[in-house]
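# Summary of the model geometry
Residue-level listing of the chains:
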Amino acid sequence: MLINHLSYHYPKNHKIIFDDLSINIMPKSINVLLGENGEGKTTLFDVVSGLIRTDAQIHDKVPEKDLIYQIQGVPILSTLCGKDLAELILCSSGQYRFGDMNPHLFEKRMENDRDSFKKVQYLWKMQYGKMSPGERRWFTILLYCLIDKTLYIFDEPTAGVDSYAARQIIEQINLLQEKEGKTIFIATHRIDDLRHFSHFHIHVLSHGKIVLNENERNWIQAAKRVNLPFLNVFADAWINDN
Ligand SMILES: Nc1ncnc2c1ncn2[C@@H]1O[C@H](COP(=O)(O)OP(=O)(O)OP(=O)(O)O)[C@@H](O)[C@H]1O
């Protein structure tokens with residue numbers, strides 16, 4: 001999906017969010033969107049998902065029905081339990097029936113991860129309001145991973161979850177791309193998230209433009225050339241831990 005000439009500001013906010021931006025979201029790959037707080041990552045997801053309409057040129061656009069978009073902090077009735085949430089998300093996708101609702105839905109995806117499967121079984125009967133915020137996010141994202149779409153957009157899927165749970169989330173996202181050939185578009189502020197992806201493309205958003213677009217082999221050198229303070233901190237963390 002190639003977007004060209006994307007310019008945008010919110011109706012009552014004169015801050016320029018996108019300034020003739022171009023981005024090439026690589027199909028069947030993990031596309032990681034980096035940027036400082038407030039640079040416009042969520043807004044870009046809103047454009048890609050069709051929530052925000054603009055005059056940008058979009059080639060090979062993924063139709064709205066073929067994408068899933070995990071947005072941050074969705075309000076859900078606190079008395080719903082894990083099973084009800086599964087029903088809400090999975091049955092409304094049209095790909096599952098009420099009779100399918102069972103923790104064993106996850107079993108195939110978690111055959112090498114018994115800890116995750118045990119957690120699903122625990123959360124299945126737990127009320128959403130009683131789940132911890134991290135458990136809510138973990139469970140919801142894993143439900144999204146069960147839905148068959150072309151493009152998966154994840155807005156900071158590991159924010160607020162512990163490192164082990166974050167790895168489980170990232171592993172499920174990795175499976176979507178590696179085993180099922182899906183296109184992933186993900187924003188994160190956690191360097192750790194990248195470590196578990198074998199291949200990825202980095203897109204860096206800064207001052208309304210994509211200023212870096214490189215794969216996992218070349219992004220560090222490119223980051224040094226771009227020389228943005230936030231990116232230097234991110235790249236240094238990667239180098240120091242490798
Ligand atoms: N509905 C809105 N109306 C006006 N301004 C908005 C609106 N939504 C977001 N903004 C502004 O647009 C800018 C981009 O916001 P956005 O949420 O896309 O940033 P982000 O890169 O996702 O940030 P973060 O890393 O904190 O999640 C911010 O400065 C924000 O204040």
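It should be emphasised that the depicted structure is a prediction, and the values quoted were computed from it without experimental measurement.

Rules used throughout
Residues numbered from 1 in each chain as written. Predicted model: local features only at pLDDT ≥ 70, side-chain atom pairs only at ≥ 80, totals over all residues. Heavy atoms only, no water. Buried < 20%, exposed > 50% of the residue type's maximum accessible area, 1.4 Å probe, protein only. Helix = DSSP H or I, 4+ residues; strand = E, 2+ residues; numbered from the N terminus. Pairing = 2+ DSSP bridges. Core = buried A, V, L, I, M, F, W, Y, C linked by side-chain atoms within 4.5 Å. Contact = heavy atoms within 4.5 Å. Near = heavy atom within 4 Å. Polar contact = N/O pair within 3.5 Å; in protein donor to acceptor, adjacent residues only side chain to side chain. Areas by Shrake-Rupley, 256 points an atom, 1.4 Å probe, with all protein chains shown as cover. Nonpolar A, V, L, I, M, F, W, Y, C, P; charged D, E, K, R; others polar.

All right, on to the pairing of strand 5 (residues 67-70) then. Sheet faces and side chains relate simply in a regular strand, where the side chains alternate between the two faces. A two-sided burial pattern is seen for strand 5, the buried positions comprising Leu67 and Tyr69 on one face and Ile68 and Gln70 on the other. Direction of pairing for strand 5 relative to strand 6 (residues 151-155): parallel, over a ladder of 4 bridges. Bridged to Gln70 within strand 6 is Phe154.

All right, on to the nonpolar core then. Phe106, Phe139 and Trp219 are the most contacted members of the largest nonpolar core, which has 56 residues in total. For this core, the element with the most residues is helix 4 (residues 133-145), which contributes 7 residues. In contact with Phe139, other than residues within four places in its own chain, are Gly82, Leu85, Phe106, Val120, Leu123, Trp124 and Met131. Of all hydrophobic cores here, the second largest spans 25 residues; its members include Met1, Leu44, Tyr69 and Phe185.

With that settled, consider the site of the ligand. Around the ligand sit 14 residues, and of these Lys15, Gly38, Lys41, Thr42 and Thr43 come closest. Note that an oxygen atom of the ligand is positioned 2.9 Å from one of the side-chain N or O atoms of Thr42. Here an oxygen atom of the ligand sits 2.5 Å away from a polar atom, N or O, in the side chain of Thr43. Within the complex, the protein chains bury 64% of what would otherwise be the 650 Å² of accessible surface of the ligand. The residue inventory of the shell around the ligand, partitioned by class, reads 2 nonpolar, 7 polar and 5 charged.

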